[in-house]
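One-letter residues, chain by chain:
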Amino acid sequence: VFTVTATNFDTKQEISVEAENMTAVFTDLVPGRYTFMTSYISEENDDKQIFSGAITNASLLEDTELTMKITSVSASGIVLKELYYNASKTSENKPYLKEQFYEIYNNSNKTVYVDGLCFGHLMPENATGKANYDWGTQYPVSDYVFFARIMQVPGTPGTDKNYPLNPGESIILCQYATDHTVPELNPNSIDLSSCEFEWYEPSNTNQTDQNAINLEMAFPINPSSPYKVWNTTTNGPAFAIFFPIEEFSNDKVAVDQTNGVSTSYPVSTSIIIDAVEAIKDETQVQNKRVPVSLDAGYIWVTDDNGEPAIQVGKSIVRKVQGTASDGHVILQDTNNTTNDFELKTREIRRYGAKVPSWNTWAN
């Protein structure tokens, strides 16, 4: 049974209706702009399918019939669990981005090897609320995601088995795997010295190589690229993870047909394992960067007063669905960030996520 939820853009009022014969009828909607979303999980034996759909920025002034496309994908074994891009401020009220981190969790009942796993954020890097890139007709926006930058765990997917991730374990990717609470950095920050992976660039004199395994930058491919520091925007990034099925190549790089300058790396939605859409505020819900088949929803960070905010030390965190027979937490995964995530103060490995055995430097 599909339940469709309508959210009024201005009043934030939500009304949910169960669809009968694949049709949801809303009778009490006031005129205005709406977002409609649905998700449904089907489980048969070991096969878990997620059905989802969305219509964003629909203007309803009179009785209207809308058509929502429903797509399905297999549920992910590993999921994006906690995304801390929002950052914080120092005691001098200056932005502090070095503490950004991203946690990936094994949500299944099988061991997953993360050798060669790719993680990145999508174009536009800042959620603009408009589709401002044209990557060419060979890359339909419904079938691809367009990466601004891709970081990769060392190794070859499907071949190397150096980094097993057992059920209930997580890995943390960060910019700088150190204790950020020391006086010379930011006492208001967090200790990331136990992280599994970091981005270490020798030319960055503000960072020293830590125990964490060094990530590789798969894109931009050009070694003369100016992107020597791995920062993620605090204004609502979109993220995705995948295992590549071919070598990264300059031949695959897409160039914006409008300005001829901006580039991205297109990756087929068919190999995306998980994706999450964050935006700056509700004005940016239209023209999603993540196709609805991968994420029907979105989320943004707010301060303690409920106002959209940056650099307030909050993460977007996947909700708990239940507990497996062996005791590890099962996280909610309906391919709808609006439903699956919530805001919390940053914290690595919450819900009792375990450290992989090969991480010998974690406390």
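Residues numbered from 1 in each chain as written. Predicted model: local features only at pLDDT ≥ 70, side-chain atom pairs only at ≥ 80, totals over all residues. Heavy atoms only, no water.

(A) Representation of the pattern of salt bridges in the model. If you walk through the whole model with that rule in mind, you get twelve salt bridges. Linking Arg350 and Glu82 is a salt bridge whose minimum nitrogen-to-oxygen distance equals 2.8 Å. Separated by 268 residues along the polypeptide, Arg350 in the segment after β25 (341-345) and Glu82 in strand β6 (residues 78-84) bring together distant segments of the chain. Residue Arg350 shares its accessibility class with Glu82, and that shared class is buried. One salt bridge in this structure joins Lys288 and Glu277, with 3.3 Å as the shortest N-O distance. In this pair, Lys288 sits in the loop between β21 (272-277) and β22 (314-318) while Glu277 sits in strand β21, placing the two residues eleven residues apart along the sequence. Three or more residues joined by partner-sharing salt bridges are found here, namely Asp274, Arg318, Asp333 and Asp340. (Salt bridge = Lys/Arg side-chain N within 4 Å of Asp/Glu carboxyl O. Helix = DSSP H or I, 4+ residues; strand = E, 2+ residues; numbered from the N terminus. Buried < 20%, exposed > 50% of the residue type's maximum accessible area, 1.4 Å probe, protein only.)

(B) How the structure looks around the nonpolar core. Ranked by internal contacts, the top residues of the largest apolar core, which has 32 residues, are Ile104, Phe119, Ile171, Phe197 and Ile316. Mapped onto this core, the elements with two or more residues apiece are β6, β9 (101-106), β14 (170-174) and β18 (238-242). Here this core takes three residues from β6, the largest share from any one element. Ignoring sequence-local partners within four residues, the contact set of Ile316 consists of Lys81, Glu82, Leu83, Tyr85, Val276, Ala278, Ile299, Val301, Phe341, Glu342 and Leu343. Listed in part, the 16 residues of the second largest apolar core include Cys118, Ala218, Ile272 and Val290. (Core = buried A, V, L, I, M, F, W, Y, C linked by side-chain atoms within 4.5 Å. Contact = heavy atoms within 4.5 Å.)

(C) Inspection of the packing of aromatic side chains at higher detail. Applying the stated criterion to the full structure yields 22 aromatic pairs. Look at Tyr139 and Phe146: their rings are 6.4 Å apart centre to centre, the planes differ by 85°, and that puts the pair in the edge-to-face class. Here the two residues Tyr139 and Phe146 agree in accessibility, since each one is buried. For the ring pair Phe147 and Phe242, a centre distance of 5.3 Å and an interplane angle of 50° mean the geometry is tilted. Within this pair, whereas Phe147 is found in strand β12 (residues 144-152), its partner Phe242 is found in strand β18, the two being separated by 95 residues in sequence. Taken together, Tyr85, Tyr102, Phe119, Trp230 and Phe239 form an aromatic cluster joined through their ring pairs. (Phe/Tyr/Trp six-rings, centres within 6.5 Å; stacked < 30°, edge-to-face > 60°.)

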